[in-house]
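Residues per chain, in single letters:
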Amino acid sequence: MSKKPNHLAALIDHQVAAKTALPNTLSKMLHRYTKATTEVRDILVDCLPEEILTTCQVVGLTDDQLTLSVQSQTAANHMHYLQSDYLRLLSEQSITFAKLQKLRIIVSAMPSTYTNSETNAKHLLAYKNSSKRCSNNSFSESTRQTITHVANHVITDERLKKSLIKLAKED
């Protein structure tokens with residue numbers, strides 16, 4: 001029986017102690033995609049800019065189709081434009097990709113840099129506090145004059161007119 005980690009231990013230590021792991025099928029799929037990603041990067045190292053190469057990942061692989069994920073539309077457009085060359089290069093230089101007929105490129109969202117909700121809450125609170133500070137002095141004098149002019153000469157609804165004038169006068 002393994003020793004139980006204390007409450008200060010990292011999450012991974014708790015999971016190891018609890019003998020939690022990915023299901024076998026997911027573990028095999030993750031290993032296969034990771035291996036394929038490394039192989040794709042090794043083959044395309046001379047063809048792709050480093051920025052694209054570091055974010056490129058295999059997210060789907062069958063005998064005849066490879067799906068790559070990149071993190072920007074620009075990278076996807078670049079890869080799509082040279083898709084046939086990449087497909088030829090991959091099928092010629094690798095046994096894994098020898099039977100490929102199609103190369104798909106998708107754009108995936110950037111992974112979150114915040115790992116726990118407490119950190120997210122701190123950043124959200126800091127944002128709210130900074131926006132409150134900025135909202136008091138957010139209008140320039142010309143913007144205030146424009147709002148007042150529009151309120152007096154264009155707006156016909158009295159409640160809206162009063163609200164806009166009040167907004168423009170607030171310091």
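Residues numbered from 1 in each chain as written. Predicted model: local features only at pLDDT ≥ 70, side-chain atom pairs only at ≥ 80, totals over all residues. Heavy atoms only, no water.

Across all of its chains, the model carries 2 salt bridges by this definition. Residues Glu92 and Arg88 are paired through a salt bridge, measuring 3.5 Å at the closest nitrogen-oxygen approach. Here Glu92 and its partner Arg88 are both found in helix H5 (residues 83–93), 4 residues apart, which amounts to about one turn of the helix. A salt bridge links Glu158 to Lys161, with the shortest nitrogen-to-oxygen separation between them at 3.7 Å. Residue Glu158 and its partner Lys161 are located together in helix H8 (residues 158–169), separated by 3 residues, close to a single helical turn. Classification of Glu158 as partly exposed rests on a relative accessible area of 45%. Taking the relative accessible area as the measure of exposure, Lys161 reaches 17% and is therefore buried. (Salt bridge = Lys/Arg side-chain N within 4 Å of Asp/Glu carboxyl O. Helix = DSSP H or I, 4+ residues; strand = E, 2+ residues; numbered from the N terminus. Buried < 20%, exposed > 50% of the residue type's maximum accessible area, 1.4 Å probe, protein only.)

Below, the discussion takes up the packing of helix H7 (residues 141–153) against H8. Interaxial distance between H7 and H8 falls to 9 Å at its minimum, and their mutual angle equals 165°. On the basis of the axis angle, H7 is roughly antiparallel to H8. Two packed elements cross with a definite hand, and for H7 against H8 that hand is left-handed. Residue-level inspection shows Arg144, Ile147, Thr148, Ala151 and Asn152 of H7 in contact with H8, the latter providing Lys161, Leu164, Ile165, Leu167, Ala168 and Lys169. In the contact of H7 with H8, the residues fall into 6 nonpolar, 2 polar and 3 charged. (Axes fitted to C-alpha atoms, helices over the stretch in contact; angles between N-to-C directions. Parallel < 35°, antiparallel > 145°, perpendicular 65-115°, else oblique. Left-handed = near helix turned anticlockwise from the far one by under 90°. Contact = heavy atoms within 4.5 Å. Nonpolar A, V, L, I, M, F, W, Y, C, P; charged D, E, K, R; others polar.)

Before going further, it helps to spend a moment on H8. With 12 residues, H8 ought to run about 16 Å at 1.5 Å a step, and its terminal C-alpha atoms sit 17 Å apart, in line with that. Lys161, Ile165 and Ala168 are the residues of H8 that are buried. Along the long axis of H8, the arc covered by the buried residues comes to 65°, so they all point the same way. In H8, the exposed residues that point more than 90 degrees away from the buried face are Arg159, Lys162 and Lys166. Buried residues along H8 sit against H7. (Expected span 1.5 Å × (residues − 1). Arc of directions from axis to C-beta.)

Mean pLDDT over the protein chain stands at 81; residues scoring 70 or higher make up 78%. Of all helices and strands in the protein chain, the one with the weakest mean pLDDT is helix H6 (residues 117–136) (53), whereas strand E2 (residues 65–70) scores best (94). Note that residues 130–136 has pLDDT below 50 and, in this model, 3 contacts with residues that lie over four places away or in other chains. (pLDDT = per-residue confidence, 0-100.)

Okay, the sheet that holds E2 next. With mixed pairing, the 3 strands of this open sheet are ordered in space as E1-E2-E3. Both edges of this open sheet fall to strand E1 (57–61) and strand E3 (102–107), since each of them pairs with a single strand only. Strand-to-strand twist of the sheet, defined as the mean angle between neighbouring strand axes without regard to direction, takes the value 25°. One ladder, built from 6 bridges, connects E2 with E3; its direction is parallel. Residue Leu66 lies in a different strand from E3, and its bridge partner there is Leu103. Helix-sheet contacts for helix H2 (residues 24–43) involve E1 and E2, and the interaxial angle to E1 is about 120°. The strands that helix H4 (residues 73–81) touches are E2 and E3; relative to E3, the one it contacts most, it runs at about 165°. (Pairing = 2+ DSSP bridges.)

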